[in-house]
Every structure is written in structure tokens, then in C-alpha cells.
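Descriptive analysis of the structure
Each chain is listed here by its residues.
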Amino acid sequence: MTNQFPQAFTYQALPMRVRFGEPAFDVIAEELSHLGLRKVVVLCSPGRVELGQLLAGAIRNTVGTSGGDSDATCAGVIAKAVMHVPREVAEETIAEVKRLGADGCVSIGGGSAIGLGKAIALELGLPTVAIPTTYAGSEMTTMWGMTTDGKKTTGRDESVLLKSVIYDPALTSGLPVATSVTSGFNAMAHAVEALYAPDASPITSLMAEEGVRALTAALPGVVDNPEGLTARSEALYGAWLCGACMGSTTMSLHHKICHALGGTLNLPHAETHTMVLPHVLAFNQPAVPTAVGALSRALGGTKNPAKRLWELAHKLGAPMSLQELGMDRGDIPSIAKQVHSGTYGNPREASEEDITRILNAAWAGESPAI
Ligand code: NAD
């Protein structure tokens with residue numbers, strides 16, 4: 001290591017079991033059995049109800065095949081997960097899970113399905129297994145989110161931590177190319193902010209650098225051949241590492257801006273991250289030389305990782321401006337005010353004017369300026 005190695009640091013490892021690379025439907029019964037679960041509910045988005053039902057079938061068909069008393073069955077599929085966990089959706093789902101008498105949940109899908117499982121875990125304390133099918137990374141964190149009357153609240157609570165995560169790259173092969181790219185950038189945003197987090201450690205920095213390397217190496221392959229399992233596996237591996245960094249560090253200005261845009265204006269999560277990240281990174285770069293060094297290595301050598309990430313998003317066909325997502329420029333001042341008035345750490349102090357400049361650049365889709 002370099003002379004920047006810190007004298008002391010704290011690393012909080014999160015207790016969960018991860019299985020990578022096996023067919024999720026083949027191993028789900030074993031995982032439920034391992035956790036001693038007997039009656040689970042499957043959670044997914046409305047658009048993934050077929051997949052949810054297939055999973056429920058896989059769970060039901062394996063009852064009795066793994067032996068012992070802990071074989072689980074599936075009590076039902078709740079296909080209500082939507083972005084940012086609206087409170088009314090969480091409350092309806094909690095009532096349904098109670099009615100079904102479930103003792104655990106299996107979330108299959110992206111951050112929305114996993115977020116709904118976390119809302120249930122927070123309220124009912126039920127253990128949850130996740131089968132992630134995007135690169136959002138929520139399965140690796142103790143962070144929960146809920147949106148009430150247009151305002152997203154987030155918090156950390158160990159009770160929402162997944163008990164077991166099954167990463168099956170084959171289940172990501174149907175993720176549309178455009179979503180794959182923006183979801184990959186969403187993952188990299190976690191790693192970028194972990195590299196300059198106030199509680200970063202050499203361990204989280206290793207994961208962050210490797211996560212960005214893996215995702216930037218894999219995403220062009222995903223775009224060229226969306227069903228190719230080699231690129232899909234590397235992308236999912238990168239997403240796991242990026243999510244794990246977020247699980248062990250405190251996020252900064254970038255995540256704060258994206259939460260405000262998502263919670264208040266209901267902008268799509270992954271796309272918003274893709275557009276905002278290069279601009280916040282460009283703003284922070286002068287204050288974080290070690291993080292710039294790690295990103296430079298991960299990106300194959302560049303003095304300006306923010307610009308390199310922006311160029312990569314462009315090359316991979318991602319939407320580049322908040323304007324394209326339908327955001328009204330007139331909303332920038334209130335979002336800047338909301339972000340500025342909140343509490344969050346950031347390596348460089350950001351005034352309301354700085355935040356406004358970042359939002360203007362992301363709104364217009366400009367190349368990031370340092
Ligand atoms: P998402 O879960 O809403 O998925 C996006 C869309 O893609 C959905 O319609 C879904 O049905 C579909 N989809 C998912 N996987 C698919 C596949 N393999 N093939 C085809 N379609 C598929 O979006 P997301 O970006 O994964 O998650 C966003 C949500 O997660 C937000 O609410 C965000 O706040 C939350 N999140 C939370 C954390 C955390 O730590 N708490 C971290 C990251 C994201």
C-alpha cells in the first residue's frame with residue numbers, strides 16, 4: 001500500500017450469506033431450509049409477476065425434497081413493488097403478509113422488490129431472502145426507504161438486512177440493455193461515494209475499485225450481447241461489490257441529490273444516478289485525490305474519471321440529461337434548497353449555488369466540468 005494507508009479504521013462487515021452463480025430456482029429451497037423458514041411470500045414488481053409465480057412454483061415443488069422439518073412452502077405472490085416504496089403499498093403488503101401467516105419473504109427483482117421486503121422486515125421483523133435481477137445493490141445494505149406524500153425518508157436498521165442473497169446471472173439476461181446500463185451506473189455511484197466516504201476503509205476501497213473495474217469492463221459486453229452470461233456474471237459481481245461498499249459506508253452529496261429527485265419528482269432511480277454521478281464526481285474530484293487514483297486505475301487510466309464515466313454512459317446509449325426524463329427546469333431551485341438544507345457528509349462543502357450548478361449541468365446533459 002501507499003503512504004496514504006490510514007493509521008486506524010473501522011470496518012463493519014454485515015452478516016449475510018451470499019450464493020453466486022448457481023440457478024436460483026435450484027437452490028432456493030436449500031436457502032429457505034438453512035434459515036428454518038416454512039411459509040414464505042414472494043415479492044416482485046407487477047411486471048415480473050410471471051417470474052414471481054415461477055419462483056413460487058419452484059419453492060412449492062421442492063417441499064419435502066431437502067428433508068428435515070424446515071422445508072418451506074410458498075403462501076403467495078405479492079406483485080406490488082414499485083420504486084421508492086410508497087407508504088400505502090408497504091402498508092397493504094404488510095397487511096397481506098400478516099393475513100397469509102408468512103414467516104419470511106423472498107424478494108425477486110430489482111431494488112423495488114427488495115425495498116418492499118425491507119419495509120416488511122422493518123415492521124414485522126421477518127427474515128428475507130433476495131434474488132436480485134438488477135444491479136441496484138439494495139440487497140447489500142441496511143438502508144430502507146419509504147415515500148410519504150412525495151417525500152422520501154431513508155434510514156438504516158440492521159433488521160432489514162437480507163439473511164441470504166442469491167446472485168443468478170441468468171436471471172439478469174432479460175434486463176433490457178438500457179436498464180442494464182443505467183443500473184450499472186447506479187451501482188458504480190455507490191462505489192464512487194464509498195471511495196470518498198467519511199468512513200471509507202482500505203477494505204471498502206478495494207471493493208469499490210474492483211466493482212467499478214468489473215462493471216465498466218462488463219457493460220460494453222452486456223450491450224453487445226445482452227444474453228451472454230460471461231458479461232452478465234461480471235456485471236452482477238461488480239454490482240455486488242458496489243452494493244457492499246454502500247452497505248459499509250456513508251453516502252454523500254450524489255445520493256442525497258438522487259433521493260431528492262426520486263422522492264420529490266418521482267424520477268426513475270437508475271437513470272437519475274447515471275446523469276447526476278459525473279457532475280457530482282467532477283465537483284468532488286479536486287478534494288479527493290486518493291479516490292481519483294482508485295477510479296483512474298479502475299477505468300484503465302485517466303486523470304478525469306468523471307469525464308470518463310460520462311463518456312462511457314454516452315457511448316453505451318444511456319439517456320444523458322434530466323430534461324430527457326421530463327424534469328422541469330423550474331424544479332431545480334427547490335431541489336437544490338431541499339438538498340442543501342438536509343444533513344449529509346461530503347468531502348467538499350457544497351453551497352446551494354454549487355448544487356444548483358450541478359443540477360443545471362445534469363439537467364442539460366453537459367459534459368462534466370471540474
Ligand atoms: P426496479 O426494481 O424498479 O426495476 C426496474 C424495472 O425493471 C422494474 O419494472 C422491474 O420489474 C424490471 N426488472 C427488474 N429486473 C428485471 C430483469 N432481470 N428483466 C427484466 N425486467 C426487470 O429498479 P432498481 O433500479 O433495481 O431499484 C430502484 C429502487 O431501489 C429505488 O426505489 C431505490 O431507491 C431502491 N434502492 C435502494 C437501495 C438501498 O440500499 N436501500 C439501494 C439501491 C436502490
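Keep in mind that this is a model prediction, so the values were computed, not measured. (Residues numbered from 1 in each chain as written. Predicted model: local features only at pLDDT ≥ 70, side-chain atom pairs only at ≥ 80, totals over all residues. Heavy atoms only, no water.)

**Description of the sheet that holds strand 3 (residues 73-78)**
- The six strands lie next to each other as 1-8-5-4-2-3, forming an open sheet whose pairing is parallel. At either end of the open sheet lies a strand with only one pairing partner, and these are strand 1 (17-20) and strand 3. The sheet shows a mean angle of 20 degrees between the axes of neighbouring strands, taken without regard to direction.
- Sheet topology note: the strand 5 (residues 128-132)/strand 8 (residues 164-167) ladder contains two bridges and is parallel. From the neighbouring strand, Ala130 faces strand 8, where its bridge partner is Val165.
- Running at roughly 165 degrees to strand 1, helix 7 (residues 229-248) makes contact with strand 1 and strand 8 of the sheet. (Pairing = 2+ DSSP bridges. Helix = DSSP H or I, 4+ residues; strand = E, 2+ residues; numbered from the N terminus. Axes fitted to C-alpha atoms, helices over the stretch in contact; angles between N-to-C directions. Contact = heavy atoms within 4.5 Å.)

**A look at the pattern of salt bridges**
- Throughout the structure, instances matching the rule amount to 13 salt bridges.
- Linking Arg297 and Glu209 is a salt bridge whose minimum nitrogen-to-oxygen distance equals 2.9 Å. On the criterion of sequence distance, the pair formed by Arg297 in helix 10 (residues 289-298) and Glu209 in helix 6 (residues 202-224) is long-range, its members being 88 residues apart.
- Among the residues examined, Arg297 registers a relative accessible area of 55% and is labelled exposed.
- Judged by relative accessible area, which is 21%, Glu209 ranks as partly exposed.
- Put simply, Glu352 and Lys337 hold a salt bridge, and the shortest N to O gap is 3.8 Å. Highlighted residues: Glu352 in helix 13 (residues 352-364) and Lys337 in helix 12 (residues 332-341), separated in sequence by 15 residues. (Salt bridge = Lys/Arg side-chain N within 4 Å of Asp/Glu carboxyl O. Buried < 20%, exposed > 50% of the residue type's maximum accessible area, 1.4 Å probe, protein only.)

**Quick word on the site of the ligand**
- Surveying the vicinity of the ligand reveals 22 residues, the closest of which are Ser112, Thr133, Thr134, Thr141 and Lys152.
- A distance of 2.8 Å separates an oxygen atom of the ligand from a polar backbone atom of Gly111.
- Within the side chain of Ser112, a nitrogen or oxygen atom sits 2.6 Å from an oxygen atom of the ligand.
- If the ligand stood free it would expose 860 Å²; the protein chains cover 84% of that surface.
- Among the cavities detected, the one that contains the ligand is the largest pocket.
- Looking at the shell around the ligand, the element that brings in the most residues is helix 4 (residues 111-124), giving three residues.
- For the shell around the ligand, a count of residues per class yields seven nonpolar, twelve polar and three charged. (Near = heavy atom within 4 Å. Polar contact = N/O pair within 3.5 Å; in protein donor to acceptor, adjacent residues only side chain to side chain. Areas by Shrake-Rupley, 256 points an atom, 1.4 Å probe, with all protein chains shown as cover. 1 Å grid on protein atoms, 1.4 Å probe; cavity = no way out; pocket = protein on both sides within 12 Å on 5 of 7 lines; lining within 4 Å. Sits in = over half its atoms within 2 Å of the grid points. Nonpolar A, V, L, I, M, F, W, Y, C, P; charged D, E, K, R; others polar.)

**Examining the nonpolar core**
- Counting 76 residues, the largest nonpolar core has Tyr135, Phe185, Leu253, Ile257, Leu261 and Leu322 as its most contacted members.
- Mapped onto the domain boundaries, this core takes at least three residues apiece from domain 1 (17-172) and domain 2 (177-364).
- Beyond its immediate stretch of four places on either side in the chain, Leu261 contacts Asn266, Leu267, Thr272, Val276, Leu322, Met327, Ile335 and Leu359. (Core = buried A, V, L, I, M, F, W, Y, C linked by side-chain atoms within 4.5 Å. Domains from an automatic or database assignment.)

**Side note on the domain arrangement of the chain**
- When its domains are assigned, the chain resolves into domain 1 (17-172) and domain 2 (177-364).
- Taking the mean C-alpha position of each, domain 1 and domain 2 sit 26 Å from one another.
- The partner domain 2 presents 31 residues to the 22 residues of domain 1 that form the contact.
- Counting the surface lost from both domain 1 and domain 2, the interface buries some 2,100 Å², and carbon and sulfur atoms represent 67% of this. (Buried area = accessible area lost by both parts, 1.4 Å probe.)

**Quick notes on the layout of surface pockets**
- One number sums up the size of the largest pocket: a volume of about 860 Å³.
- What lines the largest pocket is a set of 41 residues, and nearest its centre among them are Met83, Gly110, Gly111, Ser112 and Ala136.
- Of all the elements in the fold, those that place two or more residues in the lining of the largest pocket are strand 4 (104-109), helix 4, strand 6 (143-148), strand 7 (151-156), helix 5 (177-195), helix 8 (253-265) and helix 9 (269-284).
- Among the residues forming the lining of the largest pocket, the class breakdown is 15 nonpolar, 22 polar and four charged.
- Residue-level mapping places the lining of the largest pocket at the junction of two domains, with at least three residues from each of domain 1 (17-172) and domain 2 (177-364). (Points joined across faces, edges and corners; volume = space filled by probe spheres on them.)

**Remarks on the packing of aromatic side chains**
- Throughout the structure, instances matching the rule amount to three aromatic pairs.
- Relative to Tyr167, the ring of Phe20 lies with its centre 5.9 Å away and its plane at 45 degrees, an arrangement referred to as tilted. You can see Phe20 sitting in strand 1 and its partner Tyr167 sitting in strand 8, a full 147 residues away along the chain.
- By relative accessible area, which is 0% here, Tyr167 ends up buried.
- Taken together through their ring pairs, the aromatic side chains of Phe20, Tyr167 and Trp240 make up a single cluster.
- Over the ring of Phe283 we find Arg348; its NZ or CZ atom is 4.0 Å from the centre of that ring. (Phe/Tyr/Trp six-rings, centres within 6.5 Å; stacked < 30°, edge-to-face > 60°. Lys NZ or Arg CZ within 6 Å of the ring centre and 35° of its normal.)

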